[in-house]
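Letter by letter, the chains look like this.
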Amino acid sequence: MTLALYDTWTRSLRPFHALVPGQVGLYCCGPTVYDHAHLGNLRTFIFEDLLRRVLQANGHTVRHVVNITDVGHLTSDADEGEDKMEKGSRRTGESAWAIAERFTAAFLQDWRRLHLLEPTLWCRATEHIGEQIDFIRTLEAKGFTYRTADGLYFDTARQDHYGHLARLQAEGLRAGARVATGEKRRPTDFALWKFSPPGSTRQMEWDSPWGLGFPGWHIECSAMSAKYLGPWFDIHCGGEDHIGVHHSNEIAQGEACHGTRPANFWLHGHFLTLEHGKMSKSDGDFLRLQSLIDRGVDPLVYRYLCLTTHYRSSLRFSDAALSAAGIALGRLRSAYARWPLGGRVNVQYLERFTAEVNQDLNLPKALAVVWELVKSELPTAERRATLDQMDLVLGLDLAHWQASEQPLPTAITALLAQRQQARRARNWALADQLREQLSDLGWTGQDEGAPL
Ligand code: AMP
Ligand code: ZN
């Protein structure tokens, strides 16, 4: 059962083979730590965690590198606007360094609450300024840079295939030239090093061969992935918004510096959306994991919700979807917890599950196999042992769930209360109707509130 992954570079499903057999280099663009991560960001990290688990289930050892962007990501991806960190500092009155510290810690807490596997290595942009400067010097020596009043830029006209990842057309690029570009020669050119604005002191700035300033956003990932995984590694991931700018520019830098795009496969997670569109940190009004916890929702319910939609489809967030995920996870946990240890793994079910996840991480279909197993006539110990293997990929941490600690999902509690009231009022029709609703949601024996 070979693993096939959808590669944005070729726009096709490709069989995955590690460059070095058994050893996979995986680089994932991490968070920009000027604010809390929102549920959308976390969806992308859950997708990357699933990828890692599937690679491991296929026998690979994964060297997983995740960066922390704590400098250089401007409010506009077109190299304009303010550094997000410095802007965050003005907003909260803390130093840019303190903000980076605080939101990195909050991010790591979310990471663990979602039961994401610890990367082999976390790396911070501000701890790799020397590597970024070295990278830029090579680009300069090879003639890929030019200088403007506000920084050193990458000259995308030097590459015939610039923008291939995003299928940017030269035609479109020329049309884009009508857009104001400042001193940039082309709209697609991007900053490698930005100068500190004259007359004002930045909190985060460093000396460089080009003057006092800070690195552009894309160079950190090029420098750190090359340092920790080499110039040519297996898989590079991020959210779909990275295709057009950030990853296109990382590829441009890699090709200019090393003569190759950095990674063999490029995988992108699609967005979590809200009713009015995409969820974004700069909206000021976004949902984060803590907002769910404050509403009594277990973080792993959000993880379960993410499993229900393929990573290459957008996922519309809604309270109804979240509560359905809560109910499903509750059923799965309580069934699992009642089953005895000591069974053997059912190979047929596990193979069917693996075939689904190996088909470009088709978790929705894999979940259907999980439910078939749960409802099967197999001995319960066998169901449990098989589920344990599946959970190595699902990451729902079933083995550590403590039934007594978990409150009933709020939707169920509300229906149970309504049903009790209907029974007290001897409104049998309503009571029956509510029982039907509970049963549709997978809850029976509802007078005691017991799950299936
Ligand atoms: P950032 O903290 O903005 O640098 O983003 C961290 C990760 O989240 C990146 O891989 C982004 O592509 C991804 N991302 C941003 N917004 C969303 C969203 N609404 N849904 C899913 N992923 C997102
Ligand atoms: Zn990156």
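Residues numbered from 1 in each chain as written. Chains lettered and ligands numbered in written order. Predicted model: local features only at pLDDT ≥ 70, side-chain atom pairs only at ≥ 80, totals over all residues. Heavy atoms only, no water.

**Q** Which residues make up empty space enclosed by the protein, and what values do they have?
**A** Enumeration according to the criterion identifies 4 cavities of 30 Å³ or more in this entry. For the largest cavity, the calculated volume is near 90 Å³. Around the largest cavity, the lining residues are Arg 43, Ile 46, Phe 47, Leu 50, Cys 306, Leu 307, Thr 309, His 310, Tyr 311, Leu 361, Leu 363 and Pro 364. Broken down by secondary-structure element, the contributors of at least two residues to the lining of the largest cavity are helix H1 (39-57), helix H9 (299-307) and helix H12 (363-374). Ranked by residue count, the leading element in the lining of the largest cavity is H1, at 4 residues. Grouping the constituent residues of the lining of the largest cavity by class yields 9 nonpolar, 2 polar and 1 charged. Taken domain by domain, the makeup of the lining of the largest cavity includes at least three residues from each of domain 1 (4-269) and domain 2 (303-404). (1 Å grid on protein atoms, 1.4 Å probe; cavity = no way out; pocket = protein on both sides within 12 Å on 5 of 7 lines; lining within 4 Å. Points joined across faces, edges and corners; volume = space filled by probe spheres on them. Helix = DSSP H or I, 4+ residues; strand = E, 2+ residues; numbered from the N terminus. Nonpolar A, V, L, I, M, F, W, Y, C, P; charged D, E, K, R; others polar. Domains from an automatic or database assignment.)

**Q** Quick one: what's the story with the sheet that holds strand S7 (residues 151-154), residue by residue and with numbers?
**A** Strand order in the open sheet formed by 4 strands is S6-S7-S8-S9, and the pairing between neighbours is antiparallel. Looking at which strands have only one partner, the edges of the open sheet turn out to be strand S6 (145-147) and strand S9 (213-215). Taking each pair of neighbouring strands and ignoring which way they run, the sheet shows an average axis angle of 25 degrees. In terms of strand pairing, strand S8 (residues 190-195) meets S9 through 3 bridges, oriented antiparallel. Along S9, the bridge assignment pairs Phe 195 with Gly 213. Against the sheet, helix H4 (residues 129-141) engages S6, S7, S8 and S9, with an angle of about 120 degrees to S8. Running at roughly 90 degrees to S8, helix H7 (residues 246-258) makes contact with S7 and S8 of the sheet. (Pairing = 2+ DSSP bridges. Axes fitted to C-alpha atoms, helices over the stretch in contact; angles between N-to-C directions. Contact = heavy atoms within 4.5 Å.)

**Q** Could you give an account of the packing of aromatic side chains, naming the residues involved and the relevant values?
**A** The full count for this structure, using the stated rule, is 13 aromatic pairs. Note on Trp 97 and Trp 206: the rings are 6.2 Å apart at their centroids and 75 degrees apart in plane angle, and the pair reads as edge-to-face. A residue pair is termed long-range when its members are at least 10 positions apart, and Trp 97 in helix H3 (residues 96-113) and Trp 206 in the loop between S8 and S9 qualify at 109 residues. Here a set of aromatic residues connected by ring pairs shows up, and it is made of Phe 45, Phe 107, Trp 111 and Trp 122. Cation over ring: Arg 158 sits above Phe 144, and NZ or CZ is 4.3 Å from the ring centre. In this structure, Arg 202 packs its charged tip against the face of Phe 214, placed 3.5 Å from the ring centre. (Phe/Tyr/Trp six-rings, centres within 6.5 Å; stacked < 30°, edge-to-face > 60°. Lys NZ or Arg CZ within 6 Å of the ring centre and 35° of its normal.)

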